[in-house]
Amino acid sequence: MREIVLSTRNKHKIKEICQILEDTKIKIVSLNNFKRLPRIIEDGKTLKENAVKKAVIIAKRLEKWTLADDSGLEVDHLDGEPGVYSARWAGKDCSYCDNNRKLLKLLRDVPKNKRKADFKCVIALSNPKGKTWTVEGKIKGYIAKKTKGINGFGYDPLFVVPRYKKTFAELSSVIKNRISHRAKALKKTVKLVNKLIVN
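This report concerns the structure included in the present document. (Residues numbered from 1 in each chain as written. Predicted model: local features only at pLDDT ≥ 70, side-chain atom pairs only at ≥ 80, totals over all residues. Heavy atoms only, no water.)

1. Quick word on the overall build of the chain
So, step 1. Each helix and strand counted, the chain has 5 helices and 7 strands in total.
So, step 2. Relative to its length of 199 residues, the chain is compact, with a C-alpha radius of gyration of 17 Å against a globular reference of 16 Å.
So, step 3. Along the three orthogonal principal directions, the C-alpha set of the chain runs to about 55 × 35 × 25 Å.
So, step 4. Expressed as a percentage of its 199 residues, the buried residues of the chain come to 49%.
So, step 5. Pairs at least 24 residues apart make up 59% of the contacts formed inside the chain by residues separated by at least 6 positions.
So, step 6. By element, 49% of the accessible surface of the chain is carried by carbon and sulfur atoms, the whole surface being about 11200 Å².
So, step 7. One finds the centroid of the 46 positive side-chain charges in the chain at a distance of 3 Å from the centroid of its 21 negative side-chain charges. (Helix = DSSP H or I, 4+ residues; strand = E, 2+ residues; numbered from the N terminus. Rg over C-alpha atoms; globule rule 2.2 N^0.38 Å. Buried < 20%, exposed > 50% of the residue type's maximum accessible area, 1.4 Å probe, protein only. Contact = heavy atoms within 4.5 Å. Areas by Shrake-Rupley, 256 points an atom, 1.4 Å probe, with all protein chains shown as cover. Lys, Arg positive; Asp, Glu negative; His and termini not counted. Charge placed at Lys NZ, Arg CZ, Asp CG, Glu CD.)

This is the structure:
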């Protein structure tokens, strides 16, 4: 079993990543298992910059292999927004609902064929010395005209997967964790870990 620190305190993200990796030889340890760690400001201009920063700082501090995820929703009609600002798009300390309301408001009169969007996930893997490797996962879809479903988190109630004609929040976690942007990135991460870390 390879133990890797997950550089986040987001309980939804921790749960989802652990579920996706449960049948692998990777054991995830979240930041909640450690004390006196620095608060990392996500001020990167790209998802990759944020993921790398979160992974490197924790890896060096704990002297452990660390992975970090940064994900974003990119809406074509909004020129790629919210993108890197997805988590805090509606303002400081905003909720998932706040972000979803803002998105619906901006797309209020936009027809379905112009509501296309990509969900992207960048995962950075850092060794204890701060050397990093990154992978990316992406899924295409479109934004619904109202929230649907009760599963998932973030923009999941609005992001429709064309293949299923349902939002991520309407899909079971089993299906979402097989097809999502994060699942695709983590599949690549597992290959990296198996190649780089020998326990």
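2. A few points about helix α1 (residues 11-20)
In an α-helix there are 3.6 residues to a turn, and that puts residues three or four apart on one side.
So, step 1. Within α1, burial applies to Lys 13, Ile 14, Glu 16, Ile 17 and Ile 20.
So, step 2. In the core, the buried residues of α1 are packed alongside β1 (2-6), β2 (26-30), α2 (47-62), β3 (66-75), α4 (173-179) and α5 (181-196).
So, step 3. You can read the cap of α1 off the contacts: a side-chain oxygen lies 2.9 Å from the backbone nitrogen of His 12, and it is on Asn 10. (Polar contact = N/O pair within 3.5 Å; in protein donor to acceptor, adjacent residues only side chain to side chain.)

3. Some details on the sheet that holds β3
So, step 1. Across the sheet, which stays open at both edges, the 7 strands sit in the order β2-β1-β3-β4-β5-β6-β7 with mixed pairing between neighbours. This sheet does not close on itself; its edge strands, each paired only once, are β2 and β7 (166-167).
So, step 2. Here strand β4 (residues 116-126) runs beside strand β5 (residues 132-143); their pairing, made up of 11 bridges, is antiparallel. Paired with Phe 119 across the bridge in β5 is Ile 139.
So, step 3. Those strands touched by α1 are β1, β2 and β3, and its axis lies near 170° from that of β2.
So, step 4. Contacts from α5 reach β1, β2, β3, β4 and β5 within the one sheet, and its direction differs from that of β5 by about 165°. (Pairing = 2+ DSSP bridges. Axes fitted to C-alpha atoms, helices over the stretch in contact; angles between N-to-C directions.)

4. Digging into a positive patch on the surface
So, step 1. Taken together, Lys 184, Lys 187, Lys 188 and Lys 191 make up a surface patch of like positive charges.
So, step 2. Along the polypeptide, Lys 187 turns up in helix α5. (Patch = residues over 30% accessible without salt bridge, like charges linked within 9 Å, V, L, I, M, F, W, Y side chains within 5 Å. Salt bridge = Lys/Arg side-chain N within 4 Å of Asp/Glu carboxyl O.)

5. Here we look at α2
So, step 1. A rise of 1.5 Å per residue sets the reference length of α2, with its 16 residues, at 22 Å; its end C-alpha atoms lie 23 Å apart and thus fit the reference within 8%.
So, step 2. Of the positions making up α2, those classed as buried are Leu 47, Asn 50, Ala 51, Lys 54, Ala 55, Val 56, Ile 58, Ala 59 and Leu 62.
So, step 3. Looking one or two residues past α2, Glu 63 carries a phi angle of roughly 55°, positive in sign. (Expected span 1.5 Å × (residues − 1).)

6. Details of the state of the cysteines
Note on terminology: disulfide describes a covalent bond linking the sulfur atoms of two cysteines.
So, step 1. A full pass over the atoms with the stated rule returns 0 disulfides.
So, step 2. Of the cysteine sulfurs around Cys 94, a residue in no disulfide, the closest is that of Cys 97, at 11 Å.
So, step 3. Here Cys 121 is not disulfide-linked; the sulfur of Cys 18 is the nearest cysteine sulfur, at 14 Å. (Disulfide = S-S within 2.5 Å.)

7. Here we look at the nonpolar core
So, step 1. Among the nonpolar cores identified, the biggest contains 21 residues, and Ile 4, Leu 21, Ile 26, Ile 28, Leu 67, Ile 123 and Leu 125 are the most heavily contacted of them.
So, step 2. At the level of secondary structure, the elements contributing two or more residues to this core comprise β1, α1, β2, β4 and α5.
So, step 3. Leaving out residues up to four positions away in the same chain, Leu 67 has contacts with Ile 4, Val 5, Leu 6, Ser 7, Ile 28, Ala 55, Ile 123, Ala 124, Leu 125 and Thr 189.
So, step 4. Core analysis: the second largest hydrophobic core is formed by 18 residues, Val 75, Leu 103, Phe 159 and Val 161 among them. (Core = buried A, V, L, I, M, F, W, Y, C linked by side-chain atoms within 4.5 Å.)

8. Considering the side chain of Asn 50
So, step 1. For Asn 50, the location among the structural elements is in helix α2.
So, step 2. Looking at Asn 50, its side chain comes within polar contact range of the main-chain nitrogen of Gly 44, at 2.7 Å.
So, step 3. Setting aside chain neighbours within four positions, we find Asn 50 in contact with Glu 42, Asp 43, Gly 44, Asp 70 and Val 84.

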